[in-house]
Amino acid sequence: FAKIIGAVHKSPTLAAYRGHPGLQNKFRSQYRVHLTCGLHLGWVIEGAVGSEYKIEASYLSPNVEVAINVEEATQLYRVSFLVSEAVVKKCCIGMRDKCRLIDRVLVPGSRDPLELYCVDLHHMQV
């Protein structure tokens, strides 16, 4: 995910698109594509939901709501990449060392407080 975020910031196609007159008129030169990522680990049940005309996969678990809240928290903490303690515990030591604890919070969908970690990314160096 870190490499994807870096690729978005380094993309020559997106850099060229920033100069589009419509974007320049609306946002001036401040327009930039931002991608955020929030990860959580937990159980989930996948099931098909729909009718004979349209079927979609649906994921049922309180962990889905936790994952959504972790991603939404990227805006609050102003970081691109945020992970829960459950993810950090599954990482190798090298990756764990790159994670910085930023908060311990109670999020909707979780009974217990979650530790949230960010990975400090320098987008142009990824």
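This text follows the structure it describes.
What you see is a predicted model, and the numbers here were worked out from it, not measured in a lab.

(A) Fine view of the overall build of the protein chain. Along the backbone of the protein chain there are six helices and six strands. Its helices and strands in sequence order give the protein chain the pattern α-α-α-β-β-β-α-β-α-α-β-β, from N to C terminus. A globule of 126 residues ought to have a C-alpha radius of gyration of about 14 Å, yet the protein chain, at 18 Å, is considerably larger. With the C-alpha coordinates aligned to their principal axes, the bounding extent of the protein chain is approximately 50 × 45 × 25 Å.

(B) Summary view of a nonpolar patch on the surface. A cluster of nonpolar side chains, Phe1, Ile4 and Leu35, forms an exposed patch at the surface whose accessible area comes to about 290 Å². If you trace the backbone, Phe1 turns up in the segment before α1 (2-10).

Procedures and definitions
Residues numbered from 1 in each chain as written. Predicted model: local features only at pLDDT ≥ 70, side-chain atom pairs only at ≥ 80, totals over all residues. Heavy atoms only, no water. Helix = DSSP H or I, 4+ residues; strand = E, 2+ residues; numbered from the N terminus. Rg over C-alpha atoms; globule rule 2.2 N^0.38 Å. Patch = residues over 30% accessible without salt bridge, like charges linked within 9 Å, V, L, I, M, F, W, Y side chains within 5 Å. Areas by Shrake-Rupley, 256 points an atom, 1.4 Å probe, with all protein chains shown as cover. Salt bridge = Lys/Arg side-chain N within 4 Å of Asp/Glu carboxyl O.

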